[in-house]
Amino acid sequence: MIGRLHRWLVAAPVLVTALATPLAVAAAPRQEGGDGQIAEGRELYLTGCSSCHGQDGKGIDAPSGERGPSIVDAGEAGAYYYLSTGRMPLASSEEQPTRKEPAYTPDQIDALVAYVASLGDGPALPDVDVRQGDLAAGGEIFRANCQACHSASGSGGALSYGRAAPRLSDATPKQVGAAVRSGPGQMPVFGPEVISDEELDGLARYVEYLQHPEDPGGIPIGRTGPIPEGFVAWLIALPALLALVAWIGTRSPIRQARAAAEADTEPAAAGGEDD
Amino acid sequence: MTDLVEPGVAGPDGADPGPQERGRRVELASAGCFVVATLAALALAVVYWQGGQPQAEGVLLALTLGGIGTGIVLWAKHFMPTDEVAEDRHPLESSEEEIAEFAADFEAGQSTLASRRILLATAGGACAALGVALVFPVRSLGPRPGRGLKETPYKNAPIRVVVESGDPVRPADLEIDGFITVWPEGYTDAADASTLLIHFRRDQDFQPRPGREDWTVDDIVAYSKLCTHVGCPVGLYQAQLGLLLCPCHQSTFDVMQGARPVFGPAARALPQLPLAQDDDGFIIATGDFSAPVGPGFWDRGR
Amino acid sequence: MSELATPGPPKRRRGPEHLLTHRLARWVDSRLGTAKLARTALNKVFPDHWSFMLGELGLYCFIVLVLTGVYLTFFFSPSLNTVIYQGSYGPLRGVEMSEAYRSALELSFDVRAGLVMRQIHHWAALLFLASLGVHLARVFFTGAFRRPRELNWIIGCTLLILAMLNGLFGYSLLDDQLSGTGLRIVYSITLSVPLVGTWLASLLFGGEFPGPDIISRLYVIHILLVPAVITILLTAHLAILVRQKHTHFPGPGRRDDNVVGERMWPTYAAKALGLFFLTSALLAFLGGVFQINPIWIYGPFDPAEVSAASQPDWYMGWLDGALRIMPGWEIRAFGFEIPNPFFPGVLLAGLTFTLLYAWPFLEARVTRDHAEHHLLDRPRQRPVRTALGMATIAFYTVLFLGGAADVLGATFGLSVNAILWTFRFLCLLAPPVVGVVTYKLCKEMSARDGVPTASRVTVREIPRRLRHGEERDEAERESPALRS
């Protein structure tokens, strides 16, 4: 009897641990990911990112040359945004990040994202589902929070000292969510208390709409308003009007042929009185 | 007066088929334009009847009008007389006689009056008084500009700040580098009370203005959202630089230094709102803004 | 009466007097005695240079504005009452907005041909102002504003101001985010006027911004008051033109005491009618093919929101640019202040229009030329005036570009701060440079033509026969006459 109890006393904790571990792993925050993925991410990081962001993601603060900010608190969202839009890696730290073809495959991006997330407790990547989103509510959130930088049509806008809020024409819903939660570059951070996950679905859906909006009026000429409209007026419409006026005002060639034949250049005297 | 080219008729200098043939072609072209216009008008009617389509409507209307216009212009240019004629200009002024006659007739009505001056003066005074009186209704167009321009509903402090939906805000709701627009509770429709809450970073070297050291809560500072230039909402926060940029005329305000203007036409800092936390942990305003919000006016400083 | 005969072989059995047009004309004439006046009108001579048709373009744009505008009034509702949108534009369904904005959306999406009418109306407004601009330039550079046409110049300047204001008020009626921001700026500029600014703003808006009254007030101003005044002034403008007869360029047979051109009937009238149809055709094309003012993207007006790249319509761009370029200076003393927007928004605007109005009188005084002129100048023959005009255009062009500073920065990847600094210097440096270059060009071109340019005092008067047959060439007494 003692032997059987002894066996249970040993087996039970092992059994509990064996059962609990997968549960613990499953319940753990998404950020941790699988160890293998994080390791792969670290390898990629050391090769492609550490020269500016440091061996441990804490950044390099040199007066010139290769340097970059700390990415310890960038989180899943920050890392995903920069990598999936191709803004990172940057050829030199003097360059302004702009959207390009991503330098990594989606799997590599996932690995890097997992690694960066493991460095600190930055924002998680939100789960954006545009089909759940309320388009009109998303529009209201967009106009309340986003249009001041990105313009009402999502065409982007100028910031101070040469920076710019980018066009949203290529942003995927996941990238919208990542940017909103991580506030890349000059963008502020909009946490879940400010824009909830449901609202984020709607916002991403509205951004998607802005990429192909209804243009019932015809050629949209940028949708940015009066400047392109003024150019159309002055560079297309007014020249057309002036051409019409010039056409109407020129002498008829048929008449010119007759006038040449008649060789009479004196104007005839007018009839009638003036008032 | 005329040298109308009538198609089919030879000109006065004999048989010159050139202009005549061209004339015939132009006549056909002109008629053709009118035909196009007619067809376009019919097509426009069909489009409209079928439910309408803006591009089709615009183009067909343009063809209708343009067809008529082109037809008329071709007709005028090639078939209507365009010989130059001269017309004399006569002096624009009236002759001395005419002016004298007018003056005499005008004065005739006055000659029976003994003294015109008193009547004219009193009549003039009456008309002026009437004119002034007629202006009075203008006063009803709007209220006397009073304290309204110098106060906001935050004068009811202490008062919670709420987002547009009416929910109050806790400091933890605002992430670092986050910003949000709030209003005094119950006054989310007040156009002058829109407020920016900004959660700045420790490394941004926030320097409170003298006397405002306790106006922030947990690194959250509040400024009026109305630009002190011409009142546009300053909705653009550049989180890394700590600068607020107004999209209207590019006035730039430094959040870390009391939102003082660092570029652009704004000449005054954004007024700051004193913040605190109430017992439930929500952010409240403890007083009205540090200065009248929005653009300047004559007696803003009084 | 035979002038009214329709072309074609005469009828064999009955004379032309029995045609309907004849009978109608006689009916009117027997009651009004119109034949003599009508004949004078038919024979009026109009010089036919193409640049004389620019004012007409403005007139036709105005007619299109009125016609489309009347249509729009049948659908637009100038009320700021709050409603919830339930129309057919999905991305705004369920959103709170004003009745004015809702009616504009309904017009754009749910009324057949409503969007085309709205777009034609707006394009016509842009081109109305553009036509007035080029017409003003033509009149200025050819000296057509000189005596006896100063009055028409004044009327014309007033028409320009009224057109600008009506355009601004018109697009502000829709209560969308972009135009509402513009109204905020109008309010603040009004506020900035010393002493009376707060009163003016309160009376105009019915209180503090935004207030519940502004849209309905602008509506009355936009559809009734200003168009009425424009119509009256336009009629006066044309009547004066007819009375004084149009100016003409120097040329064979053309003198200061005659006018050479085409007769009104039938050719000039036909060309004018044709131009009207063609202008309307272009406006219709624009209205259908080029989207303008997509208010559904801007969203309803909210005083706490604003979009990047917010600009007014083009003709207000110079004021917007002036506001942006102006450095952050204010005058403050004893608690009173003259706020920053007053200088570019009120002073500069006031100075602009004052100079514009005063120009004919200024030029007459400086050149000491008070004679009548019916022959136009070629711009190159008046190098000082042309240079000053081009310098002024350069100044306002820099301001216009300033109004687009943020869009220029975003489009070309430049720093908006650097752009604005550049324009601050450019608006002072560009005018003198452009002026000097223009002056030299004029001199050179005139020299190549072999015609001397006007010196300070200019006359090309030929002795005119005045009343009582006197001959007088007062101008020749004062200065040497030029060979024409």
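Heads up: the structure comes first, above all this text.
Colleague: Describe in detail the overall build of chain C, supporting the description with residues and values.
Modeller: Along its length, chain C carries 17 helices and eight strands. For chain C, the spread of C-alpha atoms along the principal axes amounts to about 75 × 65 × 45 Å. The long-range share in chain C, meaning contacts at least 24 apart out of those at least 6 apart in sequence, stands at 75%. Summed over its atoms, the accessible surface of chain C is roughly 21,200 Å², and 68% of this surface lies on carbon and sulfur atoms. Averaged over its 46 positive side-chain charges, chain C has a centre that lies 10 Å from the centre of its 37 negative ones.

Colleague: Pulling in residues and values, what's your account of the interface of chain C and chain B?
Modeller: In many reports, interface size means the accessible area that the parts give up when they come together. Between chain C and chain B, the residue contacts involve 97 residues of the former and 77 residues of the latter. When chain C packs against chain B, close to 7,300 Å² is buried across both sides, 62% of that on carbon and sulfur atoms. On the surface where chain C and chain B come into contact, there are five salt bridges. Between Glu84(B) and Arg254(C) there is a salt bridge, with the nearest N and O atoms lying 2.6 Å from each other. The tally of links between chain C and chain B comes to 30 residue pairs in polar contact (both at pLDDT 80 or more). Looking at which element gives the most residues to the side of chain C that touches chain B, the answer is helix H10 (residues 264–289) of chain C, with 15 residues. A per-class count over the side of chain C that touches chain B returns 45 nonpolar, 24 polar and 28 charged. Pairing geometry for strand E1 (residues 85–88) of chain B and strand E4 (residues 258–263) of chain C, over four bridges, is antiparallel. Bridge assignment links Val85(B) to a residue of E4(C), and that residue is Gly261(C).

Colleague: Please provide a residue-by-residue account of the pattern of salt bridges, values included.
Modeller: Residue and element names in this part refer to chain C. By the definition in use, this model includes 34 salt bridges over all chains. A salt bridge links Glu99 to Arg102; its shortest N-O distance comes to 2.9 Å. Note that Glu99 and Arg102 are positioned in helix H4 (residues 99–109) at a spacing of three residues, about one turn of the helix. A single burial state applies to Glu99 and to Arg102, both of which are buried.

Colleague: Quick rundown of the packing of aromatic side chains? Include the residues and the values.
Modeller: The way to describe two aromatic rings as a pair is by their centre distance and the angle between their planes. Applying the stated criterion to the full structure yields 37 aromatic pairs over all chains. Each ring, one from Phe179(B) and one from Tyr237(B), has its centre 5.8 Å from the other, and the planes form 35°; the classification is tilted. Pair noted here: Phe179(B) is in strand E3 (residues 179–184) and Tyr237(B) is in strand E6 (residues 236–238), with a separation of 58 residues, a long-range link. You can call Phe179(B) buried: its relative accessible area is 6%. We classify Tyr237(B) as buried; its relative accessible area is 1%. Between Trp314(C) and Tyr315(C) the ring centres are 6.0 Å apart and the planes differ by 80°, which places this aromatic pair in the edge-to-face class. Each member of the pair, Trp314(C) as well as Tyr315(C), carries the same accessibility label: buried. Counting every residue linked through ring pairs, the aromatic cluster contains Phe142(A), Tyr206(A), Tyr209(A), Tyr89(C), Phe109(C) and Trp296(C). When the ring centre of Trp27(C) is taken as origin, the NZ or CZ atom of Arg31(C), which lies over that ring, is 4.0 Å away.

Colleague: Report on the pairing of strand E5 (residues 220–224) of chain B, specifying residues and quantitative values.
Modeller: Residues and elements named next belong to chain B. Most of E5 sits inside the fold, with five of its five residues counted as buried. With burial as the criterion, each face of E5 is covered, one bearing Ile220, Ala222 and Ser224 and the other bearing Val221 and Tyr223. By the bridge criterion, five bridges tie strand E4 (residues 195–199) to E5 in an arrangement that is antiparallel. Each bridged residue has a counterpart across the sheet, and for Thr195 the counterpart in E5 is Ser224. Where E5 meets strand E10 (residues 272–273), two bridges bridge the pair, whose relative direction is antiparallel. Bridging across to E10, Ala222 finds its partner in Leu273.

The rules behind these values
- Residues numbered from 1 in each chain as written.
- Chains lettered and ligands numbered in written order.
- Predicted model: local features only at pLDDT ≥ 70, side-chain atom pairs only at ≥ 80, totals over all residues.
- Heavy atoms only, no water.
- Helix = DSSP H or I, 4+ residues; strand = E, 2+ residues; numbered from the N terminus.
- Contact = heavy atoms within 4.5 Å.
- Areas by Shrake-Rupley, 256 points an atom, 1.4 Å probe, with all protein chains shown as cover.
- Lys, Arg positive; Asp, Glu negative; His and termini not counted.
- Charge placed at Lys NZ, Arg CZ, Asp CG, Glu CD.
- Buried area = accessible area lost by both parts, 1.4 Å probe.
- Salt bridge = Lys/Arg side-chain N within 4 Å of Asp/Glu carboxyl O.
- Polar contact = N/O pair within 3.5 Å; in protein donor to acceptor, adjacent residues only side chain to side chain.
- Nonpolar A, V, L, I, M, F, W, Y, C, P; charged D, E, K, R; others polar.
- Pairing = 2+ DSSP bridges.
- Buried < 20%, exposed > 50% of the residue type's maximum accessible area, 1.4 Å probe, protein only.
- Phe/Tyr/Trp six-rings, centres within 6.5 Å; stacked < 30°, edge-to-face > 60°.
- Lys NZ or Arg CZ within 6 Å of the ring centre and 35° of its normal.

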